[in-house]
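Remarks on the overall topology
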2 protein chains.
Amino acid sequence: MTTPWEYRYAQRTQRMGSSAIRELLKLTALPDMISFAGGLPAPDVFPVDAFQEASNRVLKNSGAQALQYGPTEGYLPLREMIARHTSRYGIQITPNNVLLTSGSQQALDLLGKIFINPGDHILVESPTYLGALQAWNAYGAEYVPVPIDEYGMIPEALEEALRVGPKFIYALPNFQNPSGVTLSLERRHRLLQLAEEHGVPIIEDDPYGQLRYEGEHKPALVVLDGQLHSSHDGLYRGNIIYLSTFSKILAPGIRLAWVIAPPQVIDKLVQAKQGADLHTSTFNQMVAYEVSRGGFLDHHIHTIREVYGARRDTMLQALEQHFPSQVLWTHPEGGLFLWVTLPDWMDAKDAFNIALKRKVAFVPGQPFFPHGEIKNCARLNFSNATPEEIRTGIARLGEVFYEMLETPHSSMEEVLV
Amino acid sequence: MTTPWEYRYAQRTQRMGSSAIRELLKLTALPDMISFAGGLPAPDVFPVDAFQEASNRVLKNSGAQALQYGPTEGYLPLREMIARHTSRYGIQITPNNVLLTSGSQQALDLLGKIFINPGDHILVESPTYLGALQAWNAYGAEYVPVPIDEYGMIPEALEEALRVGPKFIYALPNFQNPSGVTLSLERRHRLLQLAEEHGVPIIEDDPYGQLRYEGEHKPALVVLDGQLHSSHDGLYRGNIIYLSTFSKILAPGIRLAWVIAPPQVIDKLVQAKQGADLHTSTFNQMVAYEVSRGGFLDHHIHTIREVYGARRDTMLQALEQHFPSQVLWTHPEGGLFLWVTLPDWMDAKDAFNIALKRKVAFVPGQPFFPHGEIKNCARLNFSNATPEEIRTGIARLGEVFYEMLETPHSSMEEVLV
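Residues numbered from 1 in each chain as written. Chains lettered and ligands numbered in written order. Predicted model: local features only at pLDDT ≥ 70, side-chain atom pairs only at ≥ 80, totals over all residues.

Section: the sheet that holds strand β8 (residues 240-245) of chain B
Residues and elements named next belong to chain B. Worth spelling out the cut-off: Two strands are counted as paired when DSSP detects at least two bridges linking them. Under the scheme used here, helices are H or I runs from DSSP no shorter than 4 residues and strands are E runs no shorter than 2 residues, and both carry numbers assigned from the N terminus. By the criterion used throughout, residues are in contact when their C-beta atoms, derived from the backbone, lie within 7 Å. Helix axes use the C-alpha atoms of the stretch in contact, all axes being lines fitted to C-alpha atoms, and the angles between their N-to-C directions lie in the range 0 to 180 degrees.
Sheet architecture is open: 8 strands sit in the order β2-β9-β8-β7-β6-β3-β4-β5, paired in mixed fashion. Across the chains shown, the open sheet's two edge strands, defined by having one partner strand only, are β2 (98-101) and β5 (152-153). Packed onto the sheet, helix α4 (residues 76-87) meets β2 and β9 (257-260) and runs at close to 120 degrees relative to β2. Where helix α9 (residues 221-228) meets the sheet, it contacts β6 (168-171), β7 (202-205), β8 and β9, and its direction lies at approximately 145 degrees from that of β8.

Digging into the domain arrangement of chain A
Residue and element names in this part refer to chain A. Test applied: Domain start and stop positions are those given by an automatic or database domain assignment.
Examined at the domain level, chain A breaks down into domain 1 (11-46 + 298-416) and domain 2 (68-294). Just the C-alpha atoms count here: the centres of domain 1 and domain 2 sit 26 Å apart. Contacts between the two partners involve 30 residues from domain 1, matched on the other side by 32 residues from domain 2. Elements supplying a minimum of two residues to the side of domain 1 that touches domain 2: α1 (11-15), α12 (296-322) and β11 (337-341). In terms of residue count, the dominant contributor to the side of domain 1 that touches domain 2 is α12 (6 residues).

Details of the environment of A:Phe296
Residue and element names in this part refer to chain A. Mapped onto the elements of the fold, Phe 296 is located in helix α12. Sequence separation of Phe 296 and Ala 50 is 246 residues, and the distance between their C-alpha atoms is 8.9 Å. Residue contacts for Phe 296: discarding those within four places in its chain leaves Ala 50 and Val 291.

What to know about helix α11 (residues 282-292) of chain A
The α-helix winds at 3.6 residues per turn, so residues separated by three or four positions along the chain end up facing the same way. Cut-off, in case you're wondering: Three exposure classes are used. Buried residues have 20 or more other C-beta atoms within 10 Å of their own C-beta, exposed residues have 12 or fewer, and partly exposed residues fall in between, all C-beta atoms being placed from the backbone.
Taking burial as the measure, the 11 residues of α11(A) include 11 buried ones, the bulk of the element. Where α11(A) is concerned, the buried positions are A:Thr282, A:Phe283, A:Asn284, A:Gln285, A:Met286, A:Val287, A:Ala288, A:Tyr289, A:Glu290, A:Val291 and A:Ser292. Looking at the buried residues of α11(A), the elements they touch are α3 (48-66), α4 (76-87), β2 (98-101) and α12 of chain A together with α11 (282-292) of chain B. Two residues or fewer after α11(A) comes A:Gly294, characterised by a positive phi angle close to 75 degrees.

Quick word on the environment of B:His198
Within the element layout of this structure, B:His198 appears in helix α8 (residues 185-198). Sequence-wise, B:His198 and B:Phe46 are 152 residues apart; in three dimensions their C-alpha atoms are separated by 43 Å.

Here we look at unusual backbone geometry
Only a minority of non-glycine residues have a phi that is not negative, and only a minority of peptide bonds are not trans. Here A:Ser126 and A:Pro127 are connected by a cis peptide whose omega angle stands at 5 degrees. Within the element layout of this structure, A:Pro127 appears in the loop between β3 (121-126) and α6 (130-137). For the bond from B:Asn177 to B:Pro178, the omega torsion is 15 degrees, close enough to zero to count as cis. For A:Arg255, which is not a glycine, the phi torsion comes out positive at approximately 45 degrees. Positionally, A:Arg255 belongs in the loop between β8 (240-245) and β9 (257-260). Since 30 C-beta atoms lie within 10 Å of it, A:Arg255 is described here as buried.

Here we look at the environment of B:Val400
By the element assignment, B:Val400 lies in helix α14 (residues 387-406). Between the alpha carbons of B:Val400 and B:Leu328 there is a distance of 15 Å; along the sequence they are 72 residues apart.

Description of the interface of chain B and chain A
The condition is simple: Under the grouping applied here, Gly and all other residues not named as nonpolar or charged are polar, the nonpolar ones being Ala, Val, Leu, Ile, Met, Phe, Trp, Tyr, Cys and Pro and the charged ones Asp, Glu, Lys and Arg.
Listed per partner, the contact involves 73 residues of chain B and 73 residues of chain A. Within the residue set of the side of chain B that touches chain A, elements represented by two or more residues are α1 (11-14), α3 (48-66), α5 (103-115), α6 (130-137), α10 (263-277) and α11 of chain B. Residues of the side of chain B that touches chain A, tallied by class, amount to 31 nonpolar, 31 polar and 11 charged.

Some details on the packing of α8(B) against α9(B)
Residues and elements named next belong to chain B. Test applied: Here the angle decides the label: under 35 degrees means roughly parallel, over 145 means roughly antiparallel, 65 to 115 means roughly perpendicular, and every other value means oblique. Two helices that cross are described as forming a left-handed crossing if the nearer one is turned anticlockwise from the farther one by less than a right angle, and a right-handed crossing if clockwise.
For the pair α8 and α9, interaxial distance at closest approach is 10 Å and the crossing angle is 60 degrees. Taken together, α8 and α9 sit at an angle that is classed as oblique. Handedness of the α8/α9 crossing: right-handed. Here Arg 188, His 189, Leu 191 and Leu 192 of α8 come into contact with α9, specifically with Leu 221, Leu 224 and Asp 225.

Structural notes on the pairing of strand β14 (residues 377-381) of chain B
Residues and elements named next belong to chain B. Of all the 5 residues making up β14, 5 are buried; the element is thus mostly covered by neighbouring parts of the structure. Residue alternation in β14 divides its side chains into two sets, Cys 377, Arg 379 and Asn 381 and Ala 378 and Leu 380, and both sets are buried. Direction of pairing for strand β11 (residues 337-341) relative to β14: antiparallel, over a ladder of 5 bridges. Within β14, the residue paired with Phe 337 across the bridge is Asn 381. Strand direction decides the pairing type here: strand β13 (residues 363-364) and β14, joined by 2 bridges, are antiparallel. Residue pairing for β14: Pro 364 is matched across the bridge by Ala 378.

Here's what the structure looks like:
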């Protein structure tokens, strides 16, 4: 039986986006499936013992504080640690520039809440991070896609896109999700310059910046910008709102991330966060602080780089060996993902459906394009599966693509039945 | 120096409400201050040892799962436990009726996101929970206040208010924050009947339902409603969206709460939550499950009831002893708060400013009224301060009120200087 009335949802509920990817990820969790679909860290590198020691220390020494309500801004020693850590890169940051959030996803949601009026234009890389689109769809954002090549956003396209007067620019400069590409240093300077000329702030999303496996570290936009805008009181007051997270360097299960921004933006975010969840778990913040302090994090990041770097290499070698020459892929210098481009006529969703039967999964690329116009791309994650699984899975996937290439387009339906 | 541009915030940013209470709470944290202002549980009753054992067990046995991403709906064993627990009260609930959230504050935010279009009318008790107003202001809610007396929302006023066609009714039936009053059983039935007649869903916020210190347990609206709407498959499909939390029965520092709702509402909330923070901390959910299972929670709630019940009694006795006869207060049967009504001409904000100098703090009642029209009320918390602090603090507060009563109204400014 049903209720005698209908729930009348808000208009924005219609815009929150389909749960297509959610449903798809459920399919990839079947037994024997080798999945390159999720964006999961490898459980092998979770510092479980360090977490256990830290939890015990926090509860023993400060149990009452850890289990009590805390300030919306976050646990002060952790904000101080993040400020110190960021300042190492040559920018002045104080704890008043730092807000702790319940994962970077919450930062994206809060930024949507404080900035986006329905119909506002947001300038995004194309393809871009799906979670940002999902967060901002609910606020009625319209997207202006800027195509990327192997060096990130193409400056000419960026300049053209800025003419619509966007509310902000959303950029993932390092090992972008989903494409794996990194914005070149020259283009970073150009992006900053263009943003400043047009008076448009930049949201810099940097979950993987510390996970580089080859090449030179490139300074974050917030660092380059902070060097331009010096401050008398040590507070950063520039044009960048910078996001990073403990999800990829410690563990995503504690849902802990941070925002670095000018104090006026932090104030608005704090107000929005108070209405959204009061504050992020005190316990998790204190445990993360205990795990991270004393140099553990630097050491641990070194381990992650080794493990993920080896897995990336394994995947790149397997791609060379098993993929047809008509299929192209990016060569990420870090992060968790690489991006595959199939021949124009091929729909990655068809490949996905065939691949599932061969017990291998990935994410078709279409939802990462804000207007969903490109269908022949796919995202592969290389951090979660073991090297052996990567070799087997990529071999299976290669077979799928060879088969599709050998099948006349008109017979694709039979393959898919 | 400032940036060469202005941040252009969204319109809703203007509506997120002032941070007056935030600023006020900072004042109450000064040394030697006896504070009845916050809504903090007593740290004395936090089960620190149980948390430590549970954290160790979770990390030892399931570390990789606890630190990894998890499903947006929440940790299944915890959803099952909540469904079982709720079903004890005589209503059919399945895990598909249950969503875990990052505190009840997040549930309020997500409900605003899926239901409220700008200008929608929301029917609320007057006074009501400030955090709900704060969450829904951001979505452009307009409020229709329904006055309460010692038995909760007044049915005639409710009936009148329903004529505007509200999107939903927001009710805190048990030991309401801020007033401490409980909706009578007769009025619960009347509320359900009126809501059904008008086709308006009810959001039932019940953080304190298990913290009753005297009188008979009153069935939750969701239980009464579930008994009316039987279901062939055990799924609740009624008219109530029920919120409760681990904040008051375990610890608020883990930010863990739950929603019980018809599956179609859960689906929309899950979609909204995915964009808001992906999911609630896996670690905290697993630890809360480990702490709670095996009957610990029933035992622990018994302890909390004894401690808070004694503190409530201490405060009620001290109020009798120290407050002038022109000041009235409620007699809460449970929860954390009682509500003080001063003479009509007295502004509780003035009393607050004088009280601060005498090292005692409370929350002036005005912000709890959606239209801020009533100024002579105050909320007192009795769970956080010790019995001795309660006696001393109430004596100080009594002196403040006596002094204000003896001062001609025209001289109030001098007292406040």
